[in-house]
Amino acid sequence: MEQAAGCPAVGGSYPQKNAEILSSQYGINLFLAGLLLTFAWAVHAVGISKSHLLSYLITLMLIQLLWMLWYLCRSCTQRRLIQDKDTHAGARWLKCGITLFAVITLILDSFKIGYYIDFSNCLSPTEGIFPVTHAVHTILQVYFLWCHAKDVIQSFKTLERFGVIHSVFTNLLLWTNGVLTESKHQLNEHKERLITLGFGNISIVLDDHAPQCNCTTTTLCSIFSQGIYYLYPFNIEYHILASTMLYVLWKNIGRKVEHHQQNKTPFKFHGITVGMIFGLIVLTSTIAIVVVYLIQIGGSKIKSELALTMFYLHAIFVLALMCTAGIVALLIYRLEERSLDNSKNPARKLDAELLVGTAAGSWLLSWGSILAIICAQGHPKYTWYNLPYSVLVIIEKYIQNLFIIESIHREQEKVNDDIKTLRIVTISRGTTLPLTPLYKEIYNGRAAGDNGDIPCLFKGSICGRENDGAGVTKGEASQDNSLVMHSASDFSSCSRNSVTNNKRRILKNIAAFLFLCNLSLWIPPAFGCRPEYDNGLEEIVFGFEPWIIVVNLAMPFSIFYRMHSAASLFEVNCKT
């Protein structure tokens, strides 16, 4: 009887699993077709133009728009029904981040529309339709993620799986298109810089996709064309964030959610002053280094070498500080005895996989640079700084990944219920007084008074005698003694809480410092400060074309790693 009753449940899981497999295969084929089309346009394949690629992307966005509208309408009709929610997915700070990137993406789309208007005589109509469609797609998608990122879909599961996975790979293709367009622009600038560094043996053939006609208003065209490439890093981050949030939504379809209350963990500036100050110093200095680098690189051979040397020295110092901070945090974790939360959580699992997976991009570049330094016959002085820089990049990500992954898997500290309900018995009258304010002071590690006196709770009989004068009987004295012993144990508990709070304060400062450092290290490659391009040594050892292919494949993952690490460290700071 038990087996017969269990059969339908087991059999019912097969359609759901098949739908998951079929939808994932649909998404992969959708992505591969778009990826091949993108590659064909990049290498100027015969019969493939940019209009073909944009037409494919427009079609995918329109299909996603139809699905999102259908889902929103269906949700409105069922809004009275109680729906399961994944409290770990779609955090508010993540939604705020994607909204910021989306706003800048809309500015990028407006620049593209203006660029198309100025060059409308020689551009395909798809180049004007694409930014308009993309703007509408961005607005609706951000609204969709704000309202439904936490949904655990339990109806129309097969259809919803195809709709969500279509959205995931549509965003990945838009991300790929943005990465390729931005990389081609960076590559053209890089080829010109190599000439100034004296690498004349490398063939320089610029890849030009510029319109073959004159602009109607030269000034506006210059603003639009230059502004577009400075805004692309934000567009790239927007699409990769959207695809990860949608992927979590896809993984949650049909999932059975454990109903338990999730503690809110708001971000507070209190107690992280030191980490914020040092992090802001790193951020400010990094921005200054990037500005000087972009001005000096390519000006002359001496200026270019000085710019590279300056970049490497600054990066070595910052990475060394980050390694030290990460090691201190891990040592604190080793001193604590706290269990790990091993419950199934798609959002947390994806975070850990993305950290390790995207770190492989910069590890590949670092090992390439190390091998080039070892194998090269001639070494300009500035290239030697590349060796400690590459080694530190590898070590720092090892340490940081371990710190973040352990932090997001650690269970939040729970306060002892005995301490929460602690009450004091007054000796003179035998009444009980709640100690809610005093408990808060104990838990936060603060003394009751500004002068550092021990609270009344820990004075035991002293408080009683002060309140009752000399009229203390022997029975009351025995109660007094027992209260003193109980207070001694409470005092030791308070001391442990004080130590714990000090550890938490150190960890929060480290998380805040690493958060700002990762934002700082995201800025240089995102805005064109890429010594992997400008060093020149790797191109001589591996060959220009092979090394450029490696850099173009690995750099987007390296850039995303820094932004994703910053987001994860923000969450760590809130949870600590």
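Residues numbered from 1 in each chain as written. Predicted model: local features only at pLDDT ≥ 70, side-chain atom pairs only at ≥ 80, totals over all residues. Heavy atoms only, no water.

Caption draft 1: Up close: the overall build of the protein chain. Broken down by element type, the protein chain carries 18 helices and two strands. Each of the 576 residues in the protein chain was classed as buried or not, and the buried ones make up 50%. Taking the contacts inside the protein chain whose residues are at least 6 apart along the sequence as the reference set, 86% of them involve residues at least 24 apart. With an accessible surface of roughly 29100 Å², the protein chain has 65% of that area assigned to carbon and sulfur atoms. (Helix = DSSP H or I, 4+ residues; strand = E, 2+ residues; numbered from the N terminus. Buried < 20%, exposed > 50% of the residue type's maximum accessible area, 1.4 Å probe, protein only. Contact = heavy atoms within 4.5 Å. Areas by Shrake-Rupley, 256 points an atom, 1.4 Å probe, with all protein chains shown as cover.)

Caption draft 2: Seen up close, the environment of Leu37. Within the secondary structure layout, Leu37 lies in helix 1 (residues 2-42). Taking the relative accessible area as the measure of exposure, Leu37 reaches 18% and is therefore buried. Sequence separation between Leu37 and Ile48 is eleven residues; the distance between their C-alpha atoms is 7.8 Å. If we skip the residues at most four places from it in the chain, Leu37 touches Ile48, His52, Leu53 and Tyr56.

Caption draft 3: A look at the environment of Leu507. Of note, Leu507 is situated in helix 15 (residues 474-526). For Leu507, a relative accessible area of 4% corresponds to the buried category. Residues Leu507 and Ala325, spaced 182 residues apart in sequence, show a C-alpha to C-alpha distance of 9.2 Å.

Caption draft 4: The pattern of salt bridges, seen in detail. Under the criterion given, the structure shown has four salt bridges. Note that Arg74 is salt-bridged to Glu160, the shortest N-O span being 2.6 Å. Linking Arg74 in helix 2 (residues 50-77) with Glu160 in helix 5 (residues 157-196), this pair joins segments that are 86 residues apart in sequence. For Arg334, the salt bridge goes to Glu406, with nearest N and O atoms at 2.5 Å. Taken together, the residues span a long stretch of sequence, with Arg334 in helix 8 (residues 301-335) and Glu406 in helix 10 (residues 386-409) at a distance of 72 residues. Judged by its relative accessible area of 12%, Glu406 is buried. (Salt bridge = Lys/Arg side-chain N within 4 Å of Asp/Glu carboxyl O.)

Caption draft 5: Fine view of the packing of aromatic side chains. All chains considered together, the criterion is met by 23 aromatic pairs. Centre to centre, the rings of Trp67 and Tyr71 are 5.7 Å apart; their planes meet at 40°, and the pair counts as tilted. On the criterion of helical spacing, the pair formed by Trp67 and Tyr71 is a turn pair, its members being four residues apart in helix 2. Of the two residues, Trp67 and Tyr71, neither departs from the other in class, the shared state being buried. Centroid distance Phe311 to Tyr312: 5.9 Å. Interplanar angle 70°. Geometry classified as edge-to-face. Residue classification places Phe311 among the buried residues on the basis of a relative accessible area of 7%. An aromatic cluster of three or more residues is present, and its members are Phe101, Phe234, Trp522 and Phe527. (Phe/Tyr/Trp six-rings, centres within 6.5 Å; stacked < 30°, edge-to-face > 60°.)

Caption draft 6: Focus on the side chain of His137. By the secondary structure assignment, His137 is in helix 4 (residues 126-148). Residue His137 is classed as buried on the basis of its relative accessible area, which comes to 0%. Other than its neighbours up to four places away in sequence, His137 contacts Met61, Gln64, Leu65, Met68, Thr170, Asn171 and Leu174.

Caption draft 7: Seen up close, the packing of helix 8 against helix 10. Put simply, helix 8 and helix 10 touch, their axes get as near as 8 Å, and they point 30° apart. Here helix 8 lies roughly parallel to helix 10, going by the angle between them. Here helix 8 runs over helix 10; the crossing is left-handed. Split into classes, the residues belonging to the contact of helix 8 with helix 10 amount to 20 nonpolar, four polar and three charged. (Axes fitted to C-alpha atoms, helices over the stretch in contact; angles between N-to-C directions. Parallel < 35°, antiparallel > 145°, perpendicular 65-115°, else oblique. Left-handed = near helix turned anticlockwise from the far one by under 90°. Nonpolar A, V, L, I, M, F, W, Y, C, P; charged D, E, K, R; others polar.)

Caption draft 8: Representation of the nonpolar core. Counting residues in hydrophobic clusters, the biggest one holds 126 residues, and the most contacted among them are Phe144, Met322, Tyr389, Phe403, Leu514 and Trp522. The element best represented in this core is helix 6 (residues 218-251), accounting for 16 residues. The residues that make up this core include at least three from each of domain 1 (14-199 + 208-256) and domain 2 (268-411 + 500-575). (Core = buried A, V, L, I, M, F, W, Y, C linked by side-chain atoms within 4.5 Å. Domains from an automatic or database assignment.)

Caption draft 9: Looking closely at a nonpolar patch on the surface. Side chains of Val274, Ile277, Phe278 and Ile281 sit close together on the surface and give an oily, nonpolar patch of about 400 Å² of accessible area. One can find Val274 in helix 7 (residues 273-296). (Patch = residues over 30% accessible without salt bridge, like charges linked within 9 Å, V, L, I, M, F, W, Y side chains within 5 Å.)

Caption draft 10: Structural detail: the environment of Ser304. Residue position: Ser304 is located in helix 8. For Ser304, a relative accessible area of 1% gives the class buried.

Caption draft 11: Here's a closer look at the packing of helix 9 (residues 346-375) against helix 18 (residues 544-575). Packing of helix 9 against helix 18 leaves a shortest axis separation of 7 Å and a crossing angle of 140°. When the interaxial angle is binned, helix 9 and helix 18 end up oblique. For the pair helix 9 and helix 18, the sense of crossing is left-handed. Between helix 9 and helix 18, the contacting residues are Asp351, Leu354, Leu355, Thr358, Ala359, Gly361, Ser362, Leu364, Leu365, Gly368 and Ser369 on the first element and Trp547, Val550, Val551, Ala554, Met555, Phe557, Ser558, Phe560, Tyr561, His564, Ser565 and Glu571 on the second. Residue composition of the contact of helix 9 with helix 18, by class: 13 nonpolar, eight polar and two charged.

Caption draft 12: Quick peek at the side chain of Glu160. By relative accessible area, which is 0% here, Glu160 ends up buried. A distance of 2.9 Å separates the side chain of Glu160 from the side chain of Trp67, its partner in a polar contact. Filtering out sequence-adjacent residues up to four positions away, Glu160 remains in contact with Trp67, Trp70, Tyr71, Arg74, Ile153, Ser155 and Ile253. (Polar contact = N/O pair within 3.5 Å; in protein donor to acceptor, adjacent residues only side chain to side chain.)

Caption draft 13: Summary view of empty space enclosed by the protein. For the structure on display, the rule yields five cavities of 30 Å³ or more. Taken as a whole, the largest cavity holds about 370 Å³ of empty space. Of all elements in the fold, only helix 7, helix 8, helix 9, helix 10, helix 15, helix 16 (531-534) and helix 18 reach the threshold of two or more residues within the lining of the largest cavity. Residue composition of the lining of the largest cavity, grouped by class: 16 nonpolar, nine polar and four charged. (1 Å grid on protein atoms, 1.4 Å probe; cavity = no way out; pocket = protein on both sides within 12 Å on 5 of 7 lines; lining within 4 Å. Points joined across faces, edges and corners; volume = space filled by probe spheres on them.)

Caption draft 14: Representation of the confidence of the model for the protein chain. Averaged over every residue, the pLDDT of the protein chain is 77; residues scoring 70 or more account for 72%. Segment residues 1-11: pLDDT under 50, and zero contacts once partners within four positions in sequence are set aside and those in other chains are kept. Every residue in residues 415-472 is under pLDDT 50, and counting partners more than four places away or in other chains gives 64 contacts. (pLDDT = per-residue confidence, 0-100.)

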